[in-house]
Amino acid sequence: MPVVTFHLLDNETTHAKAEELLKGACALYAEVLDAPIERIRAFITLHRADQFLVHGQLCSKNGIHSPFFDFIIMNGRPIESHNRLMKGFTDLLVEVLGVKREDVRGICRRVEPEDWCISGEPASEVRKAEVEARKAAAAAANA
């Protein structure tokens, strides 16, 4: 279920950097969520600099590359996992693309297991044992 999308300027990313970013994101997800790599998806959406606005100006005019990332995590995961992923994806963008940390933005989207599908079936059914184990662990941690 883990999915991350990076929104980048098309003229600021090489194929090698894109591959490094995507592989790094998948490795981070696998580590933080203890998830099999086969479940993880990572994408890059490229945007023209004249269609990307940062600091009130088009990036084609101000030259600022301010990546944005959007990642999905199944609800019930510990907040520490969310925080590690936010920091880790930011670190990857800074290290791989050389962007300024203060220009990176991102969002974590929590999805209920019944609202995510795997092979056309709700994750709440396909991954029932995992979902229940996470809920039990979260309840125990809050007790």
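Before going further, it helps to spend a moment on the packing of helix α1 (residues 15-33) against helix α3 (residues 79-97). Direction vectors running N to C along α1 and α3 enclose 160°, while the axes themselves pass 10 Å from each other. In this view, α1 runs roughly antiparallel relative to α3, as classed from their interaxial angle. As α1 packs across α3, the resulting crossing turns out to be right-handed. Where α1 approaches α3, its residues Lys17, Glu20, Leu21, Gly24, Ala25, Leu28, Tyr29, Glu31, Val32 and Leu33 are matched on the opposing element by Ser81, Arg84, Leu85, Gly88, Phe89, Leu92, Leu93, Val96 and Leu97.

Attention now goes to the confidence of the model for the protein chain. Low pLDDT marks stretches whose predicted atomic positions should not be read closely. Taken over all residues, the pLDDT of the protein chain has a mean of 90, while the share at 70 or more is 97%. At the level of individual helices and strands, the protein chain shows its lowest average pLDDT in helix α5 (residues 128-142), which scores 70, and its highest in strand β1 (residues 3-9), which scores 97.

This next bit is on α3. The terminal C-alpha atoms of α3, which comprises 19 residues, lie 27 Å apart, in line with the 27 Å expected from a rise of 1.5 Å per residue. On its buried face, α3 is in contact with β1, α1, β5 (68-74) and β6 (105-111). Looking one or two residues beyond α3, the residue adopting positive phi is Gly98, at roughly 70°.

Of all hydrophobic cores here, the largest spans 25 residues; its most connected members are Val4, Phe6, Tyr29, Phe69, Leu85, Phe89 and Leu93. Of all the elements in the fold, those that place two or more residues in this core are β1, α1, β5 and α3. Per element, the largest residue contribution to this core is eight residues, and it comes from α1. Here Phe89 is in contact with Val4, Phe6, Ala25, Leu28, Tyr29, Phe69 and Phe71, once residues within four sequence places are set aside. If you look at the next biggest cluster of nonpolar residues, it comprises five residues, including Ala49, Phe52, Val54 and Cys59.

Strand order in the open sheet formed by four strands is β2-β1-β5-β6, and the pairing between neighbours is mixed. Two strands lie at the open edges of the sheet, namely β2 (41-47) and β6, each paired on one side alone. Taken over all neighbouring pairs, the strand axes of this sheet differ in orientation by 15° on average, direction set aside. The pairing of β5 with β6 spans seven bridges and is parallel. Among the inter-strand pairings, Ile73 is bridged to a residue of β6, identified as Arg110. Contacts between α1 and the sheet are confined to β1, β2 and β5, with β2 contributing the most and set at about 145° to the helix. On top of the sheet, α3 reaches β1, β5 and β6; it is set at about 150° to β5, its chief contact.

Here the focus is the environment of Leu21. Within the fold, Leu21 resides in helix α1. It is 9.0 Å that separates the C-alpha atoms of Leu21 and Ile44, two residues lying 23 residues apart in sequence. When sequence neighbours within four positions are dropped, the list of residues in contact with Leu21 reads Phe6, Leu8, Ile44, Leu92, Leu93 and Val96.

Procedures and definitions
Residues numbered from 1 in each chain as written. Predicted model: local features only at pLDDT ≥ 70, side-chain atom pairs only at ≥ 80, totals over all residues. Heavy atoms only, no water. Axes fitted to C-alpha atoms, helices over the stretch in contact; angles between N-to-C directions. Helix = DSSP H or I, 4+ residues; strand = E, 2+ residues; numbered from the N terminus. Parallel < 35°, antiparallel > 145°, perpendicular 65-115°, else oblique. Left-handed = near helix turned anticlockwise from the far one by under 90°. Contact = heavy atoms within 4.5 Å. pLDDT = per-residue confidence, 0-100. Expected span 1.5 Å × (residues − 1). Core = buried A, V, L, I, M, F, W, Y, C linked by side-chain atoms within 4.5 Å. Buried < 20%, exposed > 50% of the residue type's maximum accessible area, 1.4 Å probe, protein only. Pairing = 2+ DSSP bridges.

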